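# What the coordinates show
These are the residues of each chain, in order.
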Amino acid sequence: MSAASCLLSEDQFLCSICLDVFTDPVTTPCGHNFCKTCITQHWDVNTPCQCPMCKKPFPLRPEVHVNTFISEMAAQFRKSSRKKARSQVPCDVCTRTKLKALKSCLVCLASYCETHLEPHQRITSLKTHQLIDPVDNLEGRMCKKHNKPLELFCKTDQMFVCLLCTVLDHKSHDIVPLKEECEGKKAELGKTGAEIQQMIQKRRVMIQEIKRSVELNREDADREIADSVRVFTALMQSVERGQAELIGMIEEKQKTTEKQAEGFIKELQQEISELMRRSTEVEQLSHTEDHLHLLQTFPSLSVPPHTKNWTQVRVHRSSYVGSERRAVAQLEEMLSKEMKKLCADLKLKRVQQLEVKVTLDPRTANPELILSDDGKQVKHGDVRKNLPDNPERFSRCTCVLGKQSFSSGRFYYEVQVKGKTDWDLGVARETIDRKGKVTASPKNGYWTICLRNKNEYSVAAFPAVHLSLKSQPQKVGVFVDYEEGLVSFYDVDAAALLYSYSGCSFTEKLYPYFSPCVNDGGKNSAPLIICPVKHTN
């Protein structure tokens, strides 16, 4: 092996990432070699996976194993390199050609080749000397004041000392052997190394978080681009429709004018033909020598034939003045409505991306309410069940809270209200009064929207705000932005914003709030149903 390694250069055993001799070398599918730790960390940080040398991409992260052959070669080369480095220290005893030192003596402060090291291996007094791998500058290991080896460490003054120093200059100081101090420093280095590894790991996690943020931002950007394309396409289609309608109206007017003119021209041509025939007859009669015939025919030809009075007949030019202005005004109104509708639709689709799982909490349900087994439906049952009056339960009002609570971030859920004449929906803070009469208002910890008497919608603001809705919502979306202090309600089918509480100050946990209200003799028997969001493109 050593003979073979002599034929190889150092470059062949260097990792191209750390630029050091391979440690646990592994081979990628493209045939290049790297330290296992180096390539693993490289792929942890860089995506997609590719070879750092040839940039060949790998669809799936390759599973790498240590290449034992290259590992043995690298170890042999590393060992050979260390021997070579050690052997570069010259023997201090050789007088002519200085041979390479094999060991250095910390007592003699000299380095010895194999020949001159022999006394240290043979003479008893020399055998006690401390030998180390050959090093330069042995004088730096001597106490400059006492010319003795620096064998000890003064922890009090944080400096290297010799035996005489401990008796003279460092008397009563905390003195320990170098080996003991080294062990302590190694322990500290171990802790430092562990801390560094933790720092590395935290930064790798941060890299992944940043990459994830970039991915999410890219998804948001793609969604925003798609939404903007859809909005502007719809607007351009509206403009094109408006243009087509204006052109169609102008062309229709022109066709009507042309048809009227054609009718006038046809009548005039018919009258011209009749007048020309009469003119010919009059001309012929004026030249006849038959006096009797002239006198007999004269009465019928002496009067011009009956024709239409054309003095008041005109082909009026169609007036297009103001048509463009009216068309543009109508288009602006249409675009404004379309923009509002599209923006509301986009806003709803965005908040729908924040859907959370919500189920009803039976511990909070009023005893007159009936909850479904899956915790998704609630209705009034007319019969009060015998349930424990635990602190969480609403005892008087027909209300129930969701199991899930929220104290940060944004969330959204949808509730079907189809077929009901009365209901309340929204969110409530954790410390609301559940035993007395519920007066829903932000002051009391409720942010809700409600329906009464089948078509009276209002919100629990102060004072109460009555809503005028074009259509009755069949499904209501509830959106909350905790940090922004925003609670919004949507008509899901119409993609319309019903109402928003803004500028709210949330300091407690918020719970989804539901009230199906009383049965009202079966008129309000339909349940409130928590529905999954149906995402559309």
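As a reminder, the structure under discussion sits directly above these lines.
So, here's what we can say about the structure. (Residues numbered from 1 in each chain as written. Predicted model: local features only at pLDDT ≥ 70, side-chain atom pairs only at ≥ 80, totals over all residues. Heavy atoms only, no water.)

## Here's the deal with the pairing of strand β13 (residues 423–429)
Burial of β13 is extensive: six of the seven residues sit out of reach of the surface. When β13 meets strand β14 (residues 446–452), the two strands line up antiparallel, connected through six bridges. Within β14, the residue paired with Asp424 across the bridge is Cys450. Pairing of β13 with strand β20 (residues 510–515), which is carried by six bridges, proceeds in the antiparallel orientation. Of the residues in β20, the one forming a bridge with Ala428 is Tyr511. (Buried < 20%, exposed > 50% of the residue type's maximum accessible area, 1.4 Å probe, protein only. Helix = DSSP H or I, 4+ residues; strand = E, 2+ residues; numbered from the N terminus. Pairing = 2+ DSSP bridges.)

## Side note on the pattern of salt bridges
Across all of its chains, the model carries 16 salt bridges by this definition. Where Lys145 meets Asp169, a salt bridge forms, and the shortest distance between an N and an O atom there is 2.9 Å. Taken as a pair, Lys145 in the loop between β5 (131–132) and β6 (152–154) and Asp169 in the loop between α6 (163–167) and β8 (175–177) lie far apart in primary sequence, 24 residues in all. The salt bridge involving Glu215 is made with Arg212; its shortest N-O contact spans 3.2 Å. Here Glu215 pairs with Arg212, and both are found in helix α7 (residues 178–286), just three residues apart, close to one helical turn. (Salt bridge = Lys/Arg side-chain N within 4 Å of Asp/Glu carboxyl O.)

## Considerations on unusual backbone geometry
Of note, Lys454 is a non-glycine position whose phi angle comes to about 75°, a positive value. Relative to the helices and strands, Lys454 is located in the loop between β14 and β15 (456–459). Even without being a glycine, Ala495 presents a positive backbone phi close to 50°. Along the chain, the position of Ala495 falls in the loop between β18 (486–491) and β19 (496–501).

## Quick word on the layout of surface pockets
Here the largest pocket defines a volume of roughly 470 Å³. Lys341, Lys470, Ala494, Ala495 and Ala496 are the residues nearest the centre of the largest pocket, which is lined by 14 residues in total. Sorting the residues of the lining of the largest pocket by element identifies α9 (323–352) and β19 as the ones contributing at least two each. For the lining of the largest pocket, the residue count by class is seven nonpolar, two polar and five charged. Of the volumes computed, that of the second largest pocket is approximately 310 Å³. The wall of the second largest pocket is formed by 13 residues, among which Asp220, Arg223, Arg350, Leu354 and Arg410 lie closest to the centre. For the lining of the second largest pocket, the secondary-structure elements that each account for two or more residues are α7, α9 and β17 (475–481). Top contributing element to the lining of the second largest pocket by residue count: α7, with four residues. A per-class count over the lining of the second largest pocket returns four nonpolar, one polar and eight charged. (1 Å grid on protein atoms, 1.4 Å probe; cavity = no way out; pocket = protein on both sides within 12 Å on 5 of 7 lines; lining within 4 Å. Points joined across faces, edges and corners; volume = space filled by probe spheres on them. Nonpolar A, V, L, I, M, F, W, Y, C, P; charged D, E, K, R; others polar.)

Keep in mind these values describe shape, not function.
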